[in-house]
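Letter by letter, the chains look like this.
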Amino acid sequence: MQTDRSSTIPYLAPMRALHWIVALGVLATWPLGMMIKFTAEPFKLTFYMLHESIGFLVLWVMLVRIGIRLTSETPVSSGGGPLAALARLVHALLYLMLVVMPVSGFLATNAHRFPLSWFGLFTVWSPIGKLPTLAPTFSTIHTWSAWILLALFALHIAGVLFHHLIKRDGTLHKML
(Lines give C-alpha, C1' and ligand atoms only; values in the text may rest on other atoms or scores of the structure.)
Protein backbone atom coordinates (compact mmCIF):
# COMPACT_ATOMS: atom_id res chain seq x y z
CA MET A 1 0.00 0.00 0.00
CA GLN A 2 1.27 3.49 -0.78
CA THR A 3 0.83 6.64 1.24
CA ASP A 4 1.35 10.36 0.79
CA ARG A 5 4.87 10.15 2.20
CA SER A 6 7.61 12.02 0.37
CA SER A 7 9.40 10.15 -2.42
CA THR A 8 12.72 10.74 -0.59
CA ILE A 9 11.67 8.94 2.60
CA PRO A 10 13.46 5.56 2.78
CA TYR A 11 11.88 2.16 3.10
CA LEU A 12 11.55 0.81 6.62
CA ALA A 13 14.82 -0.56 8.00
CA PRO A 14 13.59 -4.19 7.98
CA MET A 15 12.65 -3.89 4.29
CA ARG A 16 16.05 -2.43 3.43
CA ALA A 17 17.87 -5.14 5.39
CA LEU A 18 15.84 -7.95 3.82
CA HIS A 19 16.38 -6.45 0.34
CA TRP A 20 20.16 -6.58 0.79
CA ILE A 21 20.16 -10.02 2.43
CA VAL A 22 18.24 -11.39 -0.56
CA ALA A 23 20.52 -9.56 -3.00
CA LEU A 24 23.64 -10.99 -1.36
CA GLY A 25 22.05 -14.44 -1.22
CA VAL A 26 21.25 -14.39 -4.92
CA LEU A 27 24.69 -12.99 -5.78
CA ALA A 28 26.22 -15.95 -3.90
CA THR A 29 23.79 -18.66 -4.99
CA TRP A 30 23.59 -17.90 -8.70
CA PRO A 31 27.35 -18.31 -9.40
CA LEU A 32 27.55 -21.35 -7.11
CA GLY A 33 24.79 -23.01 -9.12
CA MET A 34 26.50 -22.20 -12.41
CA MET A 35 29.88 -23.50 -11.19
CA ILE A 36 28.65 -26.87 -9.88
CA LYS A 37 28.99 -28.63 -13.25
CA PHE A 38 32.61 -27.42 -13.52
CA THR A 39 33.55 -28.37 -9.96
CA ALA A 40 35.87 -31.29 -9.25
CA GLU A 41 34.05 -34.30 -7.81
CA PRO A 42 35.41 -34.08 -4.24
CA PHE A 43 34.00 -30.52 -3.91
CA LYS A 44 30.76 -30.93 -5.87
CA LEU A 45 28.62 -31.96 -2.87
CA THR A 46 29.88 -28.97 -0.87
CA PHE A 47 28.93 -26.62 -3.72
CA TYR A 48 25.47 -28.24 -3.92
CA MET A 49 25.00 -27.95 -0.16
CA LEU A 50 26.00 -24.27 -0.14
CA HIS A 51 23.90 -23.47 -3.22
CA GLU A 52 20.83 -25.21 -1.83
CA SER A 53 21.26 -23.90 1.72
CA ILE A 54 21.65 -20.27 0.68
CA GLY A 55 18.77 -20.66 -1.79
CA PHE A 56 16.53 -22.07 0.95
CA LEU A 57 17.49 -19.13 3.18
CA VAL A 58 16.62 -16.71 0.35
CA LEU A 59 13.18 -18.33 0.10
CA TRP A 60 12.40 -17.78 3.79
CA VAL A 61 13.78 -14.24 3.79
CA MET A 62 11.63 -13.49 0.71
CA LEU A 63 8.54 -14.85 2.45
CA VAL A 64 9.21 -12.57 5.43
CA ARG A 65 9.88 -9.69 3.04
CA ILE A 66 6.59 -10.26 1.22
CA GLY A 67 4.77 -10.36 4.55
CA ILE A 68 6.29 -7.06 5.65
CA ARG A 69 5.65 -5.51 2.24
CA LEU A 70 1.97 -6.48 2.36
CA THR A 71 1.46 -5.16 5.88
CA SER A 72 3.46 -1.93 5.94
CA GLU A 73 3.57 1.42 4.22
CA THR A 74 5.96 1.92 1.33
CA PRO A 75 7.44 5.20 0.15
CA VAL A 76 5.72 6.86 -2.79
CA SER A 77 7.55 6.27 -6.06
CA SER A 78 8.59 9.27 -8.07
CA GLY A 79 6.60 9.67 -11.26
CA GLY A 80 4.12 7.58 -13.14
CA GLY A 81 3.56 6.49 -16.71
CA PRO A 82 5.03 3.59 -18.65
CA LEU A 83 8.39 3.52 -16.83
CA ALA A 84 6.67 3.36 -13.44
CA ALA A 85 4.44 0.55 -14.74
CA LEU A 86 7.53 -1.27 -16.01
CA ALA A 87 9.22 -0.84 -12.62
CA ARG A 88 6.16 -2.29 -10.84
CA LEU A 89 6.10 -5.23 -13.27
CA VAL A 90 9.83 -5.92 -12.84
CA HIS A 91 9.48 -5.80 -9.05
CA ALA A 92 6.46 -8.14 -9.08
CA LEU A 93 8.29 -10.60 -11.33
CA LEU A 94 11.43 -10.37 -9.16
CA TYR A 95 9.36 -11.27 -6.11
CA LEU A 96 7.71 -14.14 -8.01
CA MET A 97 11.01 -15.56 -9.30
CA LEU A 98 12.61 -15.20 -5.87
CA VAL A 99 9.98 -17.65 -4.62
CA VAL A 100 9.63 -19.89 -7.69
CA MET A 101 13.36 -20.43 -8.11
CA PRO A 102 14.17 -21.71 -4.60
CA VAL A 103 10.93 -23.71 -4.34
CA SER A 104 11.54 -25.43 -7.68
CA GLY A 105 15.17 -26.10 -6.75
CA PHE A 106 14.15 -27.57 -3.40
CA LEU A 107 11.51 -29.76 -5.05
CA ALA A 108 13.94 -30.81 -7.79
CA THR A 109 16.58 -32.02 -5.34
CA ASN A 110 13.95 -33.82 -3.30
CA ALA A 111 12.42 -35.41 -6.41
CA HIS A 112 15.92 -36.56 -7.44
CA ARG A 113 16.13 -38.08 -3.92
CA PHE A 114 18.75 -35.69 -2.59
CA PRO A 115 17.33 -34.23 0.63
CA LEU A 116 18.43 -30.73 1.60
CA SER A 117 21.00 -30.72 4.37
CA TRP A 118 20.80 -27.09 5.46
CA PHE A 119 24.44 -25.97 5.84
CA GLY A 120 25.12 -29.52 7.07
CA LEU A 121 23.24 -28.77 10.30
CA PHE A 122 20.01 -30.70 9.73
CA THR A 123 18.01 -32.32 6.96
CA VAL A 124 14.97 -30.37 5.79
CA TRP A 125 11.82 -32.47 5.57
CA SER A 126 10.78 -33.32 2.02
CA PRO A 127 7.13 -32.67 1.16
CA ILE A 128 7.30 -34.88 -1.94
CA GLY A 129 9.97 -37.55 -1.57
CA LYS A 130 11.46 -39.26 -4.61
CA LEU A 131 9.54 -38.50 -7.82
CA PRO A 132 11.85 -39.35 -10.74
CA THR A 133 9.15 -38.56 -13.30
CA LEU A 134 8.72 -34.98 -12.01
CA ALA A 135 12.35 -34.26 -11.12
CA PRO A 136 13.31 -33.07 -14.63
CA THR A 137 10.30 -30.73 -14.71
CA PHE A 138 11.28 -29.14 -11.38
CA SER A 139 14.87 -28.86 -12.60
CA THR A 140 13.76 -27.16 -15.82
CA ILE A 141 11.58 -24.69 -13.90
CA HIS A 142 14.52 -23.97 -11.60
CA THR A 143 16.92 -23.37 -14.49
CA TRP A 144 14.50 -21.15 -16.44
CA SER A 145 13.57 -19.15 -13.35
CA ALA A 146 17.28 -18.56 -12.69
CA TRP A 147 17.78 -17.11 -16.18
CA ILE A 148 14.60 -15.05 -15.90
CA LEU A 149 15.81 -13.78 -12.52
CA LEU A 150 19.13 -12.76 -14.07
CA ALA A 151 17.31 -10.77 -16.79
CA LEU A 152 15.06 -9.13 -14.20
CA PHE A 153 18.10 -8.32 -12.05
CA ALA A 154 19.70 -6.60 -15.06
CA LEU A 155 16.50 -4.57 -15.65
CA HIS A 156 16.38 -3.68 -11.95
CA ILE A 157 20.00 -2.46 -11.99
CA ALA A 158 19.30 -0.51 -15.20
CA GLY A 159 16.36 1.16 -13.46
CA VAL A 160 18.47 2.01 -10.42
CA LEU A 161 21.17 3.53 -12.64
CA PHE A 162 18.55 5.45 -14.65
CA HIS A 163 17.08 6.96 -11.48
CA HIS A 164 20.46 7.70 -9.92
CA LEU A 165 22.48 8.92 -12.90
CA ILE A 166 19.89 10.37 -15.28
CA LYS A 167 16.88 11.44 -13.23
CA ARG A 168 19.07 12.18 -10.20
CA ASP A 169 16.18 11.53 -7.83
CA GLY A 170 16.25 9.90 -4.40
CA THR A 171 15.10 6.45 -5.53
CA LEU A 172 18.40 4.70 -4.79
CA HIS A 173 18.70 6.30 -1.36
CA LYS A 174 15.31 4.92 -0.31
CA MET A 175 16.87 1.43 -0.21
CA LEU A 176 20.29 2.34 1.28
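Residues numbered from 1 in each chain as written. Predicted model: local features only at pLDDT ≥ 70, side-chain atom pairs only at ≥ 80, totals over all residues. Heavy atoms only, no water.

Observations regarding the layout of surface pockets
Applicable threshold: A 1.4 Å probe that fits but cannot get out identifies a cavity on a 1 Å grid over protein atoms alone, an open set with protein on both sides within 12 Å along at least five of seven lines counts as a pocket, and a residue lines either if it has an atom within 4 Å of a point. Grid points are joined across faces, edges and corners, and a volume is the space filled by probe spheres set on the points. Only DSSP runs of H or I with at least four residues qualify as helices, and only runs of E with at least two residues qualify as strands; both kinds are numbered from the N terminus onward.
Taken as a whole, the second largest pocket holds about 920 Å³ of empty space. For the second largest pocket, the lining is made up of 31 residues, of which I36, Y48, H51, E52 and H142 are closest to its centre. Put simply, the parts of the chain that give the lining of the second largest pocket at least two residues each are helix 1 (13-35), helix 2 (41-71), helix 3 (81-111) and helix 4 (135-167). With eight residues, helix 2 is the single largest residue contributor to the lining of the second largest pocket.

Some words on the side chain of H19
Applied cut-off: Here a residue-residue contact requires only that any non-hydrogen atoms of the pair lie within 4.5 Å.
Along the chain, H19 falls in helix 1. Those residues within four positions of H19 in sequence are excluded, and the remaining contacts are R65, H156 and M175.

Regarding the packing of helix 2 against helix 3
Put simply, the rule is: Lines fitted to C-alpha atoms define the axes here, with helix axes fitted over just the stretch in contact, and angles between the N-to-C directions of these axes take values from 0 to 180 degrees. Throughout, a crossing is termed right-handed when the near helix is turned clockwise from the far one, and left-handed when it is turned anticlockwise from it by less than a right angle. Classification convention: Asp, Glu, Lys, Arg as charged; Ala, Val, Leu, Ile, Met, Phe, Trp, Tyr, Cys, Pro as nonpolar; all other residues, Gly among them, as polar.
Between helix 2 and helix 3, whose axes approach to 9 Å, the crossing angle comes to 145°. The handedness of the crossing between helix 2 and helix 3 comes out as left-handed. Contacts from E52, G55, F56, V58, L59, M62, L63, R65, I66 and R69 of helix 2 reach helix 3 at Y95, L98, V99, P102, V103, F106 and T109. Taken together, the residues of the contact of helix 2 with helix 3 sort by class into twelve nonpolar, two polar and three charged.

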